[in-house]
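Descriptive analysis of the structure
This is what each chain is made of:
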Amino acid sequence: MKAEKDQPDRTRLVCGIHPDNFSWTLNGGGSLWLPGVIMTYSWHGIGNISRNFHKVIREHICRGKWKDRRSPILINNWEAAYFTFTGDRLADIAKQAEKPGIELFAMDDGWFGNRQDDSSGLGDWFANKEKPGCTLKELAERIVAEGMRSGIWLEPEGISEDSGLYRSHPDWVVGIPGRKPCLSRCQWILDFSRNDVQDYIIEPISELFAGVPVSYVKWDCNRAVCDKYSAMLDSGRQGGFSHRYVLGLYRVLEELTKKFPADLYQGMSVSLFIRYHKKYPALPDTFFTL
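Residues numbered from 1 in each chain as written. Predicted model: local features only at pLDDT ≥ 70, side-chain atom pairs only at ≥ 80, totals over all residues. Heavy atoms only, no water.

Points about the nonpolar core
- Within the largest apolar cluster, 50 residues are counted, with the highest numbers of intra-cluster contacts made by M107, W111, L154 and F209.
- If we skip the residues at most four places from it in the chain, F209 touches I152, L154, V217, F260, D263 and Y265.
- Counting residues in each nonpolar core, the second largest holds five residues, with W66, L104, Y216 and L264 among its members. (Core = buried A, V, L, I, M, F, W, Y, C linked by side-chain atoms within 4.5 Å. Buried < 20%, exposed > 50% of the residue type's maximum accessible area, 1.4 Å probe, protein only. Contact = heavy atoms within 4.5 Å.)

What about the side chain of S193?
- Along the chain, S193 falls in the loop between β7 (188-189) and α6 (195-211).
- Polar contacts involving the side chain of S193 include one to the side chain of D191, which spans 2.5 Å.
- Here S230 takes part through its side chain, which lies 3.5 Å from a polar atom of the side chain of S193. (Helix = DSSP H or I, 4+ residues; strand = E, 2+ residues; numbered from the N terminus. Polar contact = N/O pair within 3.5 Å; in protein donor to acceptor, adjacent residues only side chain to side chain.)

Quick look at the pattern of salt bridges
- On inspection of all chains with the given rule, the structure shows 14 salt bridges.
- Among the salt bridges present, the one from E141 reaches K137, with a minimum N-O distance of 2.5 Å. Here E141 pairs with K137, and both are found in helix α4 (residues 136-145), just four residues apart, close to one helical turn.
- Residue K137 is classed as partly exposed on the basis of its relative accessible area of 41%. (Salt bridge = Lys/Arg side-chain N within 4 Å of Asp/Glu carboxyl O.)

Dropping the structure here:
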């Protein structure tokens, strides 16, 4: 977003995709759909600007079951147990939390693959039955039996070097050829501009949601995307990587929210509200919160 005042004293405001690292070649008959912009103005300070945005987003962009409902009060096991939890420990947290009126229990990081700490397992979205001592379905049912809703943590954009996914598909990591990708928070980023990566993420998460009574999803995104390069794009299309990445992420969200529209999705560190592409005019029946 850029503002400038010209010699006749007129102010011009320009909004759009930042030109840094962005380019897109349009051939004859081609088209490019860009994100929409929401703008507001207030004579009454930044607080009123915030309320304006809240109002238009809640009334005209949010939709579905959670649009006008109070979000449930939740408890998350992360600070209580980190990676070293058991099924009994989680069920006990839920049992104690229900007493003061907490309504939803969210199982955080550590339930999948060989995820013993933050250096391994990201990308392997299958349940680790040894740690909880039971299946995820059985654990979720224990939570529900305590009178609470059950939730789960995901970070589908992340991938660990120590993971079965990386060993099978090292080319799926966002990175510049000949250079080791930038490691941040012990993880790399999956190339969501690729259809095969999108399909890979959609399948196991769909199976998870279909088989486990989950009503809340904490969708994390713990690091920035850098080393912007896709092995699937030729040199003339690398400038569109970030745009294609976002469209790929939105396709994953679209598929999951169509299949499981009643769930409450919380997007952590990522903005999931704004319409981005005509093909995906909105994510149906879902309220994304920040």
